[in-house]
Amino acid sequence: MTVARKSSVQPADIEAIYRDRFPVFVLSITAVLNDGQEALDVVQEGFSRALRRRRTFRGDGSLEGWIWRIVLNVAADRGRARAKGLVPGDDGCGHHDPEAPDEAIRSHLRALPERQRLAVFLRYYADLSYDQIAEVLEVRSGTVAAALNAAHTTLRNDLEGVAM
Amino acid sequence: MSELGPVLNELVSGAPVDQASWQDVVARARHAKRRRLGLAAAGAAAVVALAIPALGIGGRLTDLFTGEPVSTDQLSSEQMHVLGAMASGVSPRLPASAQESLARVRASDLRRIAARDGSSYYVAHRHGGGLCVMISHPGDQHPFSSYFCSPDFPSPKQPVLDESVFGGSLDAPVIRRLEGFAADGVAKVAVLTAGGSEAETLVQDNVYVRTEGLPKESVLGIIARDAEGTAVYKFCVVRGGCGN
């Protein structure tokens with residue numbers, strides 16, 4: 001007979017992370033989705049899923065890392081739905097000048113490969129360490145380092161390309 | 001020159017960082033259904049900065065692709081899968097048959113370019129240009145300790161593919177391991193600190209690695225120089241950049 005292991009994660013544990021880290025979750029997901037209200041909805045949904053699924057947390061990593069993965073999965077689902085036209089996305093109407101240097105850099109930032117982009121956002125908005133990013137993205141720390149390095153190089157060259 | 005920091009700030013301007021509602025989270029969990037929040041946007045955004053150094057590069061950069069060919073017999077099925085997928089530009093999470101992985105690895109012309117203290121350093125052709133690099137540390141449970149593909153490496157644009165491991169916080173990062181791949185024109189790599197460059201490490205067989213004698217205090221990044229001592233590449237890991 002299989003006996004289910006009782007989760008040691010309590011709602012208060014998740015609530016503590018939510019109260020402490022809510023702003024950086026929202027900032028990071030806003031950058032990922034380019035839509036603050038969508039990001040807010042994703043973060044709320046992600047934490048509610050974490051709350052519902054807390055008994056599935058195996059404890060082989062940090063609780064916050066596990067929550068980040070859930071939230072990023074919700075964001076990815078939302079991004080896919082948006083791509084299919086199921087969810088309205090940012091139309092960018094009237095907000096950006098495509099020829100402005102910053103807009104060019106923003107475009108390059110969005111064009112980075114997903115892993116590099118997420119690594120940059122998690123590092124700079126959430127202030128996660130390399131090890132924490134590695135845990136969230138399920139890669140090794142060295143791979144995070146390489147992803148950040150490549151992103152920096154790409155963006156540095158883009159910055160030079162739009163020097164005023 | 002434009003700064004990336006303001007761009008990152010602007011990217012999240014209006015993010016509703018002050019709209020936390022734990023009650024809403026609990027309600028969603030109870031009802032298990034999603035509902036959109038109609039909350040007004042707030043203007044607060046965290047101050048973040050990513051400084052990118054403006055560094056010119058010149059000098060000789062030749063093909064890095066040397067070293068001994070690696071027989072596919074020496075690779076585990078997991079290594080074959082990961083390497084084959086990466087070199088082909090597909091996600092290693094996607095399933096592939098053993099035959100597909102084998103064909104991909106053979107097409108990548110995998111080579112081991114260096115070995116140091118039990119660690120092996122590999123390069124492979126990346127489908128579409130550039131290289132994939134992999135490091136295998138002894139005793140590692142993963143197929144490769146790290147792996148990465150870049151369409152720009154090696155090139156004057158990207159003469160170094162650094163895989164150093166940093167710890168600490170964003171404001172006070174510390175380096176745990178200096179390690180990476182460098183093109184032929186790069187002679188040495190060092191750690192940048194507030195006091196200058198330290199732990200200068202020679203590039204041998206297009207690889208640099210150092211685990212001892214690294215600065216104990218916080219670091220700014222790494223810097224690569226050619227044989228004449230000219231800086232050819234700089235990678236900053238701190239907010240505000242490495243300075244001059």
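Predicted, not measured: the structure shown is a model, and the values here were computed from it.

**Comments concerning the overall build of chain A**
A tally of regular secondary structure across chain A gives seven helices and zero strands. Along chain A, helices (α) and strands (β) appear in the sequence α-α-α-α-α-α-α when read from the amino end. Buried residues in chain A amount to 58% of all 164 residues. The contacts in chain A between residues at least 6 apart in sequence include a share of 65% that link residues at least 24 apart. Summed over its atoms, the accessible surface of chain A is roughly 7200 Å², and 49% of this surface lies on carbon and sulfur atoms.

**Considerations on the side chain of S119(B)**
All names here are of chain B. Checked against the element boundaries, S119 lands in strand β3 (residues 119-125). Looking at S119, the relative accessible area reads 3%, which means it is buried. Within the structure, the side chain of S119 is placed 2.8 Å from the side chain of H137, a separation counted as a polar contact. In this view, S119 contacts A114, S136, H137, P138 and R177; residues no more than four positions away in its chain are not counted.

**Here we look at unusual backbone geometry**
The bulk of non-glycine residues show a negative phi, and the bulk of peptide bonds are trans. You will see that D127(A), though not glycine, has its phi angle at about 55°, which is positive. For D127(A), the location among the structural elements is in the loop between α5 (114-124) and α6 (130-137). A residue is classified by how much of its surface remains accessible, and D127(A), at 31% relative accessible area, is partly exposed. Positive phi outside glycine occurs at N206(B), with the angle close to 65°.

**Structural notes on helix α2 (residues 36-52) of chain A**
Two residues of an α-helix separated by three or four positions point the same way, owing to the 3.6 residues in each turn. All names here are of chain A. Given a rise of 1.5 Å per residue, 17 residues ought to cover 24 Å, and the 24 Å separating the end C-alpha atoms of α2 matches this to within 8%. By the criterion of burial, α2 is predominantly enclosed, with 15 of the 17 residues buried. Near the N-terminus of α2, the side chain that reaches the backbone nitrogen of Q37, with its oxygen 3.1 Å away, is that of D35.

**A few points about the sheet that holds strand β4 (residues 131-136) of chain B**
All names here are of chain B. One open sheet accounts for five strands, arranged β1-β2-β3-β4-β5; its pairing is antiparallel. Each of the sheet's edge strands pairs with one partner strand only, and the pair in question is β1 (68-69) and β5 (146-150). As judged from the five bridges shared by strand β2 (residues 111-116) and β3, these two strands associate in the antiparallel manner. Opposite R116, over in β3, you have S119 as the bridge partner.

**So, the confidence of the model for chain B**
All names here are of chain B. Averaged over every residue, the pLDDT of chain B is 74; residues scoring 70 or more account for 76%. The lowest-confidence element of chain B is β1, averaging 72 in pLDDT; the highest-confidence one is strand β11 (residues 207-210), averaging 95. Ignoring residues within four places in sequence, the model shows residues 33-63, a span with pLDDT below 50, making 89 contacts including any to other chains. On the interface metric, ipTM, the complex scores 0.82, and its pTM is 0.51.

**Quick notes on the packing of helix α1 (residues 11-33) of chain A against α2(A)**
Residue and element names in this part refer to chain A. Their axes nearest at 8 Å, the elements α1 and α2 cross at an angle of 150°. Between α1 and α2, the interaxial angle falls into the category roughly antiparallel. You can see that α1 and α2 cross each other, and the crossing is right-handed. On the side of α1, the interface is formed by P11, I14, I17, Y18, F22, F25, V26, I29, T30 and L33, while α2 contributes G36, E38, A39, L40, V42, V43, Q44, F47, A50 and L51.

**A word on the pairing of strand β12 (residues 221-225) of chain B**
Residue and element names in this part refer to chain B. The element β12 is largely enclosed, with a buried count of five among its five residues. Along β12, one buried face is formed by G221, I223 and R225 and the opposite face, lined by I222 and A224, is buried too. In the sheet, strand β9 (residues 188-193) pairs with β12 via five bridges, with the strands oriented antiparallel. Paired with V191 across the strands is I222, a residue of β12. For β12 and strand β13 (residues 231-236), the ladder comprises five bridges, and the chain directions are antiparallel. Paired with I223 across the strands is K234, a residue of β13. Between β12 and the antiparallel strand that follows it, β13, lie five residues; G229 among them carries a positive phi value of about 90°.

**Observations regarding the nonpolar core**
Grouped together as the largest cluster of nonpolar side chains are 97 residues, with contacts concentrated most on I14(A), I29(A), F47(A), I67(A), F121(A), L137(A) and F181(B). Looking at which element gives the most residues to this core, the answer is α1(A), with 12 residues.

**Considerations on the sheet that holds β13(B)**
Residues and elements named next belong to chain B. With antiparallel pairing, four strands are arranged side by side in an open sheet as β10-β9-β12-β13. Where the open sheet ends on each side, the last strands, each with one partner, are β10 (196-202) and β13. Here the strands of the sheet are splayed against their neighbours by 25° on average, with no regard to which way each runs.

Criteria and thresholds
- Residues numbered from 1 in each chain as written.
- Chains lettered and ligands numbered in written order.
- Predicted model: local features only at pLDDT ≥ 70, side-chain atom pairs only at ≥ 80, totals over all residues.
- Heavy atoms only, no water.
- Helix = DSSP H or I, 4+ residues; strand = E, 2+ residues; numbered from the N terminus.
- Buried < 20%, exposed > 50% of the residue type's maximum accessible area, 1.4 Å probe, protein only.
- Contact = heavy atoms within 4.5 Å.
- Areas by Shrake-Rupley, 256 points an atom, 1.4 Å probe, with all protein chains shown as cover.
- Polar contact = N/O pair within 3.5 Å; in protein donor to acceptor, adjacent residues only side chain to side chain.
- Expected span 1.5 Å × (residues − 1).
- Pairing = 2+ DSSP bridges.
- pLDDT = per-residue confidence, 0-100.
- Axes fitted to C-alpha atoms, helices over the stretch in contact; angles between N-to-C directions.
- Parallel < 35°, antiparallel > 145°, perpendicular 65-115°, else oblique.
- Left-handed = near helix turned anticlockwise from the far one by under 90°.
- Core = buried A, V, L, I, M, F, W, Y, C linked by side-chain atoms within 4.5 Å.

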